[in-house]
Every structure is written in C-alpha cells, then in structure tokens.
Amino acid sequence: MTKDFNSNANAPKKRYTKEEYAQYKQNEKEKVYQAIDEMITLVSTNPEALQAYLDTQARVDRYSAANALLIMKQCPEATQLKDYADWVEENVNIKKGAKAISILEPVEYTKKDGTQGISYNVKKVFDVSQTTARKAPAPTAVTDTSKYVAALLDSSDVKYELVDTMLLPNTFAQYDNEKATVFIKQGVGAEYGISLFQQLAREMSLAEIALNSEVYNRNEAGFAATCSAYMLCKKYGVDTRAFSVGIPEKWDSMSKQEIRGDLSKARQTMSSIHSKMYGELSRQRQEREQDYAR
C-alpha cells in the first residue's frame with residue numbers, strides 16, 4: 001500500500017527560492033490531504049477497509065484519525081513510528097530503500113491579530129519495521145480477562161453497580177445515562193469473561209461519550225462506542241470476532257470531514273479509556289512489585 005507520494009526521492013533536489021519552496025511544501029501538503037480523502041472514501045464504503053483502519057488505529061492510538069488513515073495507506077502494519085532524527089538518536093538505522101511515511105504534524109503560530117492558531121506540516125516518519133530495531137511482540141491472546149475488567153472498572157469516571165437481573169437477555173453490562181451508571185450482571189462466570197469485557201468496553205465507551213457530549217443519544221453514539229470497544233479489545237488481546245462493525249447508513253449523506261469526525265470520536269474515546277486503564281494496570285503492577293520486595 002506504500003505510495004510514491006511519500007518517497008524520500010520526492011524531496012527537493014535543487015535550491016529553491018523562498019516562494020518556490022513554499023509552493024513545494026503546499027503541494028506536498030495537498031497530496032497528503034488528498035490521500036486522507038481517498039482513504040475516507042475507502043473505509044466509508046468497504047467494511048473490510050473499515051476494520052483494517054480500526055486495527056491500525058488500535059496499534060497507533062496516539063495518532064489522530066487522519067494520521068491513522070495515512071499510516072494505513074502507506075504502512076498498514078505499523079506499530080511504532082519515529083522520525084529519522086529520533087531513530088538515529090537511539091542508534092537505530094533505517095533500512096536501505098525504506099520510504100518515509102507522511103503524516104501531519106500540528107504547529108502553533110501567531111496570527112496577525114496576535115492570537116494563536118494551529119497549522120499542519122507534513123512530517124516524515126519511519127515504522128520500526130523499516131529499521132534495524134527489534135519490533136515489540138503483538139499482544140498475546142487472552143482467555144482470562146479478569147484483570148482487564150477490574151482495570152476498566154477501577155479507572156472509569158462513571159460509577160457502576162452490580163445487579164442480579166439485566167433488562168436484556170444475554171447481557172452482562174449496560175450504561176444508563178439518566179442514572180450515570182453502568183449496570184453489571186452479578187456472578188458472571190469466568191467462561192463468559194471475554195464477553196463481559198467486550199460488552200463492558202462498549203458500555204464504558206458509551207459512558208465516556210456521554211460524559212464528553214452536551215447532548216447524548218445512545219443510538220447516535222453506538223457506532224463510535226462499538227469501534228472504541230473493538231479497538232480496546234485489539235489492544236489487550238481480547239477476541240474481536242463477536243463484533244460487527246458495519247458502515248453507518250448516515251455516512252451516505254455525510255461529508256468526508258463529518259465522517260472523519262465520527263472516526264475521531266471513536267479514537268478519542270478508545271484512547272481516553274486506554275490511558276486510564278494503562279495507568280491503573282501500572283499502579284497495580286507497582287503495588288505487586290512493592291509487596292514482593294517486602
């Protein structure tokens with residue numbers, strides 16, 4: 001999927017005037033924006049491409065939806081990205097023939113009226129697979145999700161309550177926005193641990209969306225929540241085969257920018273929950289290490 005628009009061979013080879021170089025950089029940026037639009041068209045019409053995008057975004061959760069689309073186009077299996085200088089600083093070499101991956105980097109600037117604005121420049125990065133560095137292992141498939149369920153609950157900003165009976169059959173978790181509570185079926189056996197984490201990840205994603213929205217509608221938030229839960233499961237090695245991430249019908253009448261907004265909401269939701277879970281898991285690990293040291 002690597003395209004020539006990001007090749008190092010496209011770098012300027014002659015001395016440019018200030019105006020010519022500015023035009024070169026503008027053309028470079030326009031090609032990147034065009035690539036984003038092409039990828040939005042692809043993922044909004046092809047369910048397999050949408051799932052592939054979610055797989056990529058789950059691995060590079062620090063990057064925006066726009067950059068994840070660019071990464072998917074140029075290096076779909078990317079896991080760790082750094083620019084040339086950062087890799088060199090770590091005494092890592094770029095493999096011969098590797099083509100840089102073009103992403104967008106936000107840059108603050110001062111407007112004529114003195115206020116701050118944000119622009120975007122094209123930044124060239126390389127994935128660890130394009131270097132001599134050792135690639136980190138992929139998440140191991142898990143069967144016991146108990147520690148992840150605990151981390152998800154203990155790090156959440158929304159309260160939860162255990163109940164004996166759920167409103168819907170075969171349901172282990174459900175978010176109630178009016179009560180700002182996630183209700184969880186009590187006594188779920190270990191054999192249902194994967195389903196519990198899958199459902200809980202989705203309901204916690206709905207809660208996260210509600211907390212960050214002026215107006216909340218469960219149906220409207222459903223797509224972003226499902227995508228968020230899918231990506232959380234991907235990150236933690238939990239089976240994702242139960243998920244059905246279909247293309248929303250509303251995308252037929254939405255602009256590319258609006259579709260990108262939906263993808264961004266899913267990414268922001270996943271990233272926020274993952275950050276809190278990661279912090280909680282790190283805290284628990286430190287406590288265990290301290291106990292062992294005593």
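Look a little higher up for the structure.
Right, let's walk through the structure included here. In every chain, residue numbers begin from 1 and rise along the written sequence. Only residues with pLDDT of at least 70 are given local features in this predicted model, and only at 80 or more are side-chain atom pairs given and counted; all residues enter the totals for whole chains, interfaces and linings. Only hydrogens and water are set aside; all other atoms, that is, all heavy atoms of the structure, feed into the side-chain values.

1. Description of the overall build of the protein
Along the backbone of the protein there are eight helices and six strands. Starting at the N terminus and walking to the C terminus, you meet the elements of the protein as α-α-α-β-α-β-β-α-β-β-β-α-α-α. A principal-axis box enclosing the C-alpha atoms of the protein has dimensions of 75 × 55 × 40 Å. The buried share among the 294 residues of the protein stands at 43%. The contact rule is simple, with two residues in contact once any of their heavy atoms fall within 4.5 Å. In the protein, the share of contacts with a sequence separation of at least 24, taken over all contacts with a separation of at least 6, comes to 63%. As displayed, the protein has an accessible area near 17,200 Å², and 47% of this comes from carbon and sulfur atoms. Charge centroids of the protein, computed over 40 positive and 40 negative side chains, lie 7 Å from each other. Starting at the N terminus, helices and strands are each numbered in turn, a helix being any DSSP run of H or I of at least four residues and a strand any DSSP run of E of at least two. Categorising residues by exposure relies on relative accessible area from a 1.4 Å probe, with only protein chains included: less than 20% of the type maximum marks a residue as buried, more than 50% marks it as exposed, and the intermediate range marks it as partly exposed. The Shrake-Rupley method, run with a 1.4 Å probe, gives the accessible areas here. Residue values count only the displayed protein chains as cover. Charge assignment: positive for Lys and Arg, negative for Asp and Glu; neither His nor the chain ends contribute. By convention, charge coordinates are those of NZ in Lys, CZ in Arg, CG in Asp, or CD in Glu.

2. Digging into the sheet that holds strand 4 (residues 159-163)
Through backbone hydrogen bonds, the strands of a sheet pair up, either in parallel or in antiparallel fashion. The pairing criterion for strands is at least two bridges between them, as found by DSSP. Within the open sheet, the three strands sit side by side as 4-6-5. Their pairing is mixed. Where the open sheet ends on each side, the last strands, each with one partner, are strand 4 and strand 5 (173-176). On average, adjacent strands in this sheet sit at an angle of 25 degrees to one another, irrespective of strand direction. Note on definitions: angles span 0 to 180 degrees between N-to-C directions of axes, and those axes are lines fitted to C-alpha atoms, for helices only across the stretch in contact. Where helix 6 (residues 193-211) meets the sheet, it contacts strand 5 and strand 6 (181-185), and its direction lies at approximately 10 degrees from that of strand 5.

3. Structural notes on the packing of aromatic side chains
Ring geometry is summarised as follows: Phe, Tyr and Trp rings, the Trp one being its six-membered ring, pair when their centres sit within 6.5 Å, and such pairs are stacked at plane angles under 30 degrees, edge-to-face over 60 and tilted between the two. Evaluated as defined, the whole model comprises eight aromatic pairs. Note on Phe172 and Tyr192: the rings are 5.6 Å apart at their centroids and 50 degrees apart in plane angle, and the pair reads as tilted. Residue Phe172 is located in the loop between strand 4 and strand 5, and its partner Tyr192 is located in the loop between strand 6 and helix 6; the two are separated by 20 residues in the primary sequence. One aromatic cluster is present, formed by Tyr16, Tyr21 and Tyr24 through successive ring pairs. For a Lys NZ or an Arg CZ to count as sitting over a ring, it must be within 6 Å of the ring centre and within 35 degrees of the ring normal. Across the ring face of Trp87, the terminal group of Lys82 is positioned such that the distance to the ring centre comes to 5.0 Å.

4. Examining helix 1 (residues 18-43)
Here helix 1 spans 38 Å end to end across 26 residues, near enough to the 38 Å set by a 1.5 Å rise per residue. For helix 1, the complete set of buried residues consists of Tyr24, Glu28, Lys29, Val32, Ala35, Ile36, Met39, Ile40 and Val43. How far a helix is expected to stretch is found by multiplying one less than its residue total by 1.5 Å.

5. Re a nonpolar patch on the surface
Side chains of Tyr33, Ile118 and Tyr120 sit close together on the surface and give an oily, nonpolar patch of about 280 Å² of accessible area. Of note, Tyr33 is situated in helix 1. A residue is classified by how much of its surface remains accessible, and Tyr33, at 30% relative accessible area, is partly exposed. Residues with no salt bridge and a relative accessible area higher than 30% make up the patches, which join like charges within 9 Å and nonpolar side chains (Val, Leu, Ile, Met, Phe, Trp, Tyr) within 5 Å. Within this document, salt bridges are pairs made up of a side-chain nitrogen of Lys or Arg and a carboxyl oxygen of Asp or Glu, the two lying within 4 Å of each other.

6. Focus: the packing of helix 6 against helix 8 (residues 256-293)
Between helix 6 and helix 8, the least distance of the axes is 10 Å, while the angle of their chain directions is 110 degrees. Classified by the angle between their axes, helix 6 and helix 8 sit roughly perpendicular to one another. Both helix 6 and helix 8 take part in a crossing whose hand is right-handed. Side by side, helix 6 and helix 8 meet where Phe197, Met204, Ser205, Glu208 and Ile209 of the first sit next to Lys265, Thr269, Ser272, Ile273, Lys276 and Met277 of the second. The labels follow the angle: roughly parallel below 35 degrees, roughly antiparallel above 145, roughly perpendicular from 65 to 115, and oblique for the rest. A clockwise turn of the near helix away from the far one marks a right-handed crossing, whereas an anticlockwise turn of less than a right angle marks a left-handed crossing.

7. What to know about the pattern of salt bridges
If you walk through the whole model with that rule in mind, you get 16 salt bridges. When the shortest N-O distance is used, the salt bridge between Glu280 and Arg283 registers 2.5 Å. Residue Glu280 and its partner Arg283 are both found in helix 8; the two are separated by three residues, about one turn of the helix. On the basis of relative accessible area, Glu280 is assigned to the buried category, the value being 10%. With relative accessibility at 36%, the residue Arg283 sits in the partly exposed group.

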